[in-house]
Amino acid sequence: MSHRQLDQRIVSVKPITVPAPGRGIDLRVKVTAPMSGRNLPVIVFSHGNAWSLDAYEPLVDRWAAAGFLVVQPTHLDSRRNAIGWDDPRFATIWRVRISDLHAILDGLGDILAQAGGLEERVDRERIAVVGHSWGAQTAGAILGARVLDADGVPGEDFSHPAVSAGALIAATGTGDSLTPFAAEHLPFMRPDYSTMTAPALVVAGDEDRSRLSTRGPEWFTDAYRLSPSPKSLLVVAEGEHTLGGVAGEAVAETTDEDPARVVLVADAISAYLLDAFKVDDAAWTAFGGAAAAGEGAWSISSK
């Protein structure tokens, strides 16, 4: 795959319904891809709490322009489904989110066929999962992370053999510092990263202070620190939880609006994945060089 210009035209197709028996609400996805090019690597993207397939365009559109095909589901916790904290279904949504990604990965051929014959243009050997916030925990499970139960015993392995790399944006850390609210409503937020073996880039903001944890911004680096190599960590200076507005420009929850920061996150992830997929290492090498030279408002660690 050659490096493509970011002014390249892209196309999105939505909604496509994916078979998901027992889910109760249809699983729908959006597919975004460049209008030209073949052997496109794939990103399956998991949104943060309450969002949908219509969010995160600043990331998704930029990835598509860089030569990726992106599939975005709407998970059950989307605002459009109106399932709140107190709904009895909420307690199992974290598992349904993971099942959503499995359904997409297992049904990718049919999804691409319904998106206008795109199955002929993708590289099925190069598939990544990416997620933001709750979506990062969802994606992390596909990469091999487990969830600890109340006794600290790791739960089942949700990894998927089709996925060979990923990126976790603002992934929550370990469960030993949860606030009382989080401990009551989000007991699944007890990740065990020791089994997350797949190559992954962890993206964290150095001003991301969560109301769910008593720890500071370093909580969001646990996915890097506690997982086996190969991993890389991108720490974004002055970045808060939405890292400049990854879900969209000027959305209500963006506390650190900065379009350049969003571009940094998008381009770092595409560069990392192209390197991890052994397609092109030039862009990721350049990111590392710029970080080492102190040229940008970010730092990169790798192991």
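The structure displayed is predicted, hence computed values, not measured ones. (Residues numbered from 1 in each chain as written. Predicted model: local features only at pLDDT ≥ 70, side-chain atom pairs only at ≥ 80, totals over all residues. Heavy atoms only, no water.)

A. Inspection of the environment of Thr17 at higher detail. Structurally, Thr17 can be placed in strand β1 (residues 10-18). Residue classification places Thr17 among the partly exposed positions, given a relative accessible area of 36%. Residues Thr17 and Ala150, 133 residues apart in the sequence, show an inter-C-alpha distance of 36 Å. Apart from the residues lying within four places of it in its own chain, the contact partners of Thr17 are Asp26, Leu27, Arg28 and Gln114. (Helix = DSSP H or I, 4+ residues; strand = E, 2+ residues; numbered from the N terminus. Buried < 20%, exposed > 50% of the residue type's maximum accessible area, 1.4 Å probe, protein only. Contact = heavy atoms within 4.5 Å.)

B. Quick peek at helix α4 (residues 134-142). Counting buried positions along α4 yields nine of nine residues, so the element is predominantly enclosed. Trp134, Gly135, Ala136, Gln137, Thr138, Ala139, Gly140, Ala141 and Ile142 are the residues of α4 that are buried. With its phi angle positive at about 120 degrees, Gly144 sits one or two positions after the end of α4.

C. Here's a closer look at the packing of helix α7 (residues 259-276) against helix α8 (residues 282-292). Contact geometry for α7 and α8: axes closest at 7 Å, N-to-C directions at 125 degrees. Classified by the interaxial angle, the pair formed by α7 and α8 is oblique. Once α7 is placed against α8, the crossing between them reads as left-handed. Contact with α7, carried on its side by Leu264, Asp267, Ala268, Ala271, Tyr272 and Asp275, involves Ala283, Trp284 and Phe287 of α8 and no other residues of that element. (Axes fitted to C-alpha atoms, helices over the stretch in contact; angles between N-to-C directions. Parallel < 35°, antiparallel > 145°, perpendicular 65-115°, else oblique. Left-handed = near helix turned anticlockwise from the far one by under 90°.)

D. Highlighting the packing of helix α1 (residues 57-65) against α7. At a minimum axis separation of 9 Å, α1 and α7 run at an interaxial angle of 40 degrees. Relative to α7, the element α1 is oriented oblique. Considering the relative orientation of α1 and α7, their crossing is right-handed. The residues of α7 that touch α1, namely those facing Pro58, Leu59, Arg62 and Trp63, are Val262, Val263, Val265, Ala266, Asp267, Ile269 and Ser270. Residues belonging to the contact of α1 with α7 are distributed by class as follows: eight nonpolar, one polar and two charged. (Nonpolar A, V, L, I, M, F, W, Y, C, P; charged D, E, K, R; others polar.)

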